[in-house]
Amino acid sequence: QVQLVESGGGLVQAGGSLRLSCVVSGNIFRINTMGWYHQAPGKQRELVASITVGGSTNYADAVKGRFTISRDSAKNTVYLQMNSLKPEDTAVYFCNRPTGAFLVWGQGTQVTVSS
């Protein structure tokens, strides 16, 4: 069974940076677009960034210019570099594939940005 394990979250002041990692078990990593989602308290989970197998990226307007998604196929890992963090970025962050059926969600990693 495919597993998604996110890490790298934490508490940071506004303007700070964090780098999230998501390790994908199984053989699907190399054939799937992957994405990072966030879910703030009381809100729906939203896609914030995605990256294709070929490396093409897309970002939600709210994070363009601040977040960078990347992937390392040798490590079956997708990353989210988050810079210039804002309090509104506070959420639990998850990875998954934005096309086709969702994989089983991981536990996510909490990002808290203080003002």
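My aim in this report is to walk through the structure given alongside it, one point at a time. (Residues numbered from 1 in each chain as written. Predicted model: local features only at pLDDT ≥ 70, side-chain atom pairs only at ≥ 80, totals over all residues. Heavy atoms only, no water.)

## What to know about the sheet that holds strand β8 (residues 77-82)
The strand order β1-β3-β8-β7 describes an open sheet built from four strands, whose pairing is antiparallel. Across the chains shown, the open sheet's two edge strands, defined by having one partner strand only, are β1 (4-7) and β7 (67-72). Adjacent strand axes in the sheet meet at a mean angle of 15°, parallel and antiparallel pairs treated alike. Where β1 meets strand β3 (residues 18-24), four bridges bridge the pair, whose relative direction is antiparallel. Each residue of the ladder has a partner; that of Glu 6, found in β3, is Cys 22. (Pairing = 2+ DSSP bridges. Helix = DSSP H or I, 4+ residues; strand = E, 2+ residues; numbered from the N terminus. Axes fitted to C-alpha atoms, helices over the stretch in contact; angles between N-to-C directions.)

## Overview of the state of the cysteines
For the structure shown, the criterion picks out one disulfide. Covalent S-S linkage joins Cys 22 and Cys 95, the inter-sulfur distance amounting to 1.8 Å. In this pair, Cys 22 sits in strand β3 while Cys 95 sits in strand β9 (residues 91-96), placing the two residues 73 residues apart along the sequence. Accessibility assignment for this pair places Cys 22 and Cys 95 in one class, buried. (Disulfide = S-S within 2.5 Å. Buried < 20%, exposed > 50% of the residue type's maximum accessible area, 1.4 Å probe, protein only.)

## Description of the pattern of salt bridges
For the coordinates displayed, the defined rule picks out two salt bridges. With a shortest N-O distance of 3.2 Å, Asp 61 and Lys 64 are connected by a salt bridge. Overall, Asp 61 belongs to the exposed group, its relative accessible area being 65%. Asp 89 is paired through a salt bridge with Arg 66; the nearest N and O atoms lie 2.7 Å apart. With Asp 89 in the loop between β8 and β9 and Arg 66 in the loop between β6 (57-59) and β7, this residue pair connects regions lying 23 residues apart in the sequence. In this structure Asp 89 comes out as buried when scored by relative accessible area, which is 3%. Here Arg 66 falls in the buried class, since its relative accessible area comes to 9%. (Salt bridge = Lys/Arg side-chain N within 4 Å of Asp/Glu carboxyl O.)

Keep in mind these numbers describe shape, not what the thing actually does.
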